Amino acid sequence: MARIFEERDGDLSTLEGRTVAVLGYGNQGRSQALNLRDSGVAVVVGNRSDRFRDDMREDGFEPHTLSEATALGDVVMVLLPDEIHHEVLPRDVFGFLKPEATVVFAHGYSVHFREVEVPEGCDICLVAPKMVGLGVRDLFLKGRGFPSLVAVHRDATGRAWPTALAVAKGIGSLRAGAWETTFEEETITDLFGEQVGGSGAIVGLFRSFETLVAAGYDPDVVELELLGSGELVEVIRAQLRHGVIESLSVHSPTSHFGQLHRAQELLDGGGDDRLGRIIRELQDGTFAELWRRERADGYRRMRELQRRFTDHEFVRTQARNRKRLRESLEDGTGGPPS
Ligand code: NDP
């Protein structure tokens, strides 16, 4: 079982006399910079363009370029999109790092797949919030935490772990806990979760929609049942709060029996070869190579897939129902569970 670090495991005094440079002011960058500063840490921020200059000033930060911020940082937080690390870090960051800097990533991708080589002498850490950027700030302000995964890939200075845990504490994550992991484990499980969970949800919705509409049922009614009502949000919330199986008791007995019966039927159908193939392709780098080629090709296949899915009748139906239900969906609920 993974070790879980709590509030008492992080010591903010590890960061005393050190400056944390936050690179990027997007989803994670702004939230993490503000949380760290509110935790008493000395923070500087850096960004490529002028886009967030006014926001930075309004937040009380002096805007720096990525290189300037890096040069000021004893701890450098890379909060830039993963797919540009290989281009930006060697050019604007690595040459400006202090000799014994700690470089902290929020996702292991570029390090695990060797798209970047952090200079020798620097620590390489991971503090990966399992939370969107807005949530990182919002929960911090409410005095609550959010889980994260932490790892050390290279401990060059002998203080990589205390630094990673101090950062995790400073951004507010240790209030909920930080699970120890490795760069490999965080990367592969994150990709697997997205590719299996995310694609499974899309396929489940599209196939169910096609099946019911082909059987003669009204697309609007079908979409409302599958997604549009927002009931699914409440079902997932109940699964999180009470447990996947325990929460079935809030459904009708017919729904309760039907869900378990169909789940068992699918599980009895044998192992899913597709899952085995996906994990192999993630582990052996096939997917990373596919994604690298896709980027080099100007995202051609991504645009084609986006177009193909957007053209589907399900998407048009959903837009229609969404427009009508905008108000009830805005507060996060769509209607009572059945
Ligand atoms: P964002 O897309 O929000 O990052 C935007 C920032 O990146 C901006 O400051 C932008 O600068 C800069 N940027 C974009 N393109 C370039 C470029 N070509 N060169 C230089 N700077 C560039 O990223 P996220 O905050 O979503 O993700 C940051 C890291 O956090 C990633 O490693 C991600 O995997 C990880 N993460 C993200 C989570 C999330 O919920 N988003 C959750 C957990 C981890 P400009 O203003 O100049 O465009």
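Residues numbered from 1 in each chain as written. Predicted model: local features only at pLDDT ≥ 70, side-chain atom pairs only at ≥ 80, totals over all residues. Heavy atoms only, no water.

(A) Highlighting the site of the ligand. Close to the ligand lie 22 residues; Asn27, Asn47, Arg48, Ser49 and Asp82 are nearest. At 2.9 Å from an oxygen atom of the ligand is found a main-chain nitrogen or oxygen belonging to Tyr25. Between the ligand and Arg48, the relevant distance is 2.7 Å, taken from an oxygen atom to a side-chain nitrogen or oxygen of the residue. If the ligand stood free it would expose 890 Å²; the protein chains cover 81% of that surface. (Near = heavy atom within 4 Å. Polar contact = N/O pair within 3.5 Å; in protein donor to acceptor, adjacent residues only side chain to side chain. Areas by Shrake-Rupley, 256 points an atom, 1.4 Å probe, with all protein chains shown as cover.)

(B) Spotlight on the pattern of salt bridges. Counted by the stated rule, this structure contains 18 salt bridges. Ionic pairing is found between Arg237 and Glu234, a salt bridge with its closest N-O pair at 3.5 Å. Here the residue Arg237 and the residue Glu234 both occupy positions in helix H10 (residues 231-242), the gap between them amounting to three residues, near one helical turn. Arg237 gets classed as partly exposed once you look at its relative accessible area, which sits at 32%. If you follow the salt bridges from partner to partner, you end up with Glu289, Arg292 and Arg293 in one network. (Salt bridge = Lys/Arg side-chain N within 4 Å of Asp/Glu carboxyl O. Helix = DSSP H or I, 4+ residues; strand = E, 2+ residues; numbered from the N terminus. Buried < 20%, exposed > 50% of the residue type's maximum accessible area, 1.4 Å probe, protein only.)

(C) Inspection of the pairing of strand E3 (residues 42-46) at higher detail. For E3, the buried fraction is high: four of the five residues fall into the buried class. As for the winding sense of the linkage, the β-α-β connection from strand E2 (residues 19-23) through helix H1 (residues 27-38) to E3 is right-handed. Two strands pair when backbone bridges link them, and E3 and strand E4 (residues 63-64) are joined in this way by two bridges, in the parallel orientation. Following the sheet pairing, Val45 is matched in E4 by Pro63. Handedness of the crossover is the feature at issue here: the chain leaves E3, passes through helix H2 (residues 53-58), returns alongside E4, and the resulting connection is right-handed. (Right-handed = clockwise from strand over helix to strand, strands pointing away. Pairing = 2+ DSSP bridges.)

(D) Geometry of the sheet that holds strand E6 (residues 102-105). Spatially, the nine strands line up as an open sheet ordered E1-E9-E8-E7-E6-E5-E2-E3-E4, and their pairing is mixed. Bordering the open sheet on either side are strand E1 (4-5) and E4, each of which pairs with just one other strand. Two elements, E2 and strand E5 (residues 75-78), share four bridges in a ladder whose sense is parallel. By the bridge assignment for E5, Leu23 is matched with Val78. Docked against the sheet, helix H8 (residues 183-214) engages E6, strand E7 (123-129), strand E8 (148-154) and strand E9 (178-180), running at close to 35 degrees with respect to E7. (Contact = heavy atoms within 4.5 Å. Axes fitted to C-alpha atoms, helices over the stretch in contact; angles between N-to-C directions.)

(E) Looking closely at the packing of H8 against helix H12 (residues 273-283). One way to put it is that H8 packs onto H12 with a least axis distance of 10 Å and a crossing angle of 140 degrees. By crossing handedness, the relation of H8 to H12 is classed as right-handed. Residues Glu184, Ile188, Leu191, Phe192, Gln195, Val196 and Ser199 of H8 lie in contact with H12, whose contacting residues are Arg274, Leu275, Ile278, Ile279, Leu282 and Gln283. Across the contact of H8 with H12, the residue classes tally to eight nonpolar, three polar and two charged. (Left-handed = near helix turned anticlockwise from the far one by under 90°. Nonpolar A, V, L, I, M, F, W, Y, C, P; charged D, E, K, R; others polar.)

(F) Region of interest: the packing of aromatic side chains. Overall, the coordinates contain nine aromatic pairs when judged by the stated rule. A ring pair is formed by Trp291 and Tyr299, whose centres lie 5.6 Å apart and whose planes are at 65 degrees; its orientation type is edge-to-face. Assessed through its relative accessible area of 29%, Tyr299 is described here as partly exposed. Clustering of aromatic rings is evident, with ring pairs tying together Phe206, Phe209, Phe309 and Phe314. Over the face of the ring belonging to Phe61 we find Arg37, whose NZ or CZ atom lies 4.3 Å from the ring centre. Above the face of the Phe140 ring, Arg175 is positioned so that its terminal group lies 4.6 Å from the ring centre. (Phe/Tyr/Trp six-rings, centres within 6.5 Å; stacked < 30°, edge-to-face > 60°. Lys NZ or Arg CZ within 6 Å of the ring centre and 35° of its normal.)

(G) Quick look at the packing of H8 against helix H9 (residues 219-228). Remark: H8 packs on H9, axes separated minimally by 10 Å, with the N-to-C direction vectors making an angle of 145 degrees. Note that H8 runs across H9; the crossing there is right-handed. Residues Leu205, Ser208, Phe209, Leu212 and Val213 of H8 pack against Pro219, Val222, Glu223, Leu226 and Leu227 of H9. Within the contact of H8 with H9, the residues separate by chemical class into eight nonpolar, one polar and one charged.

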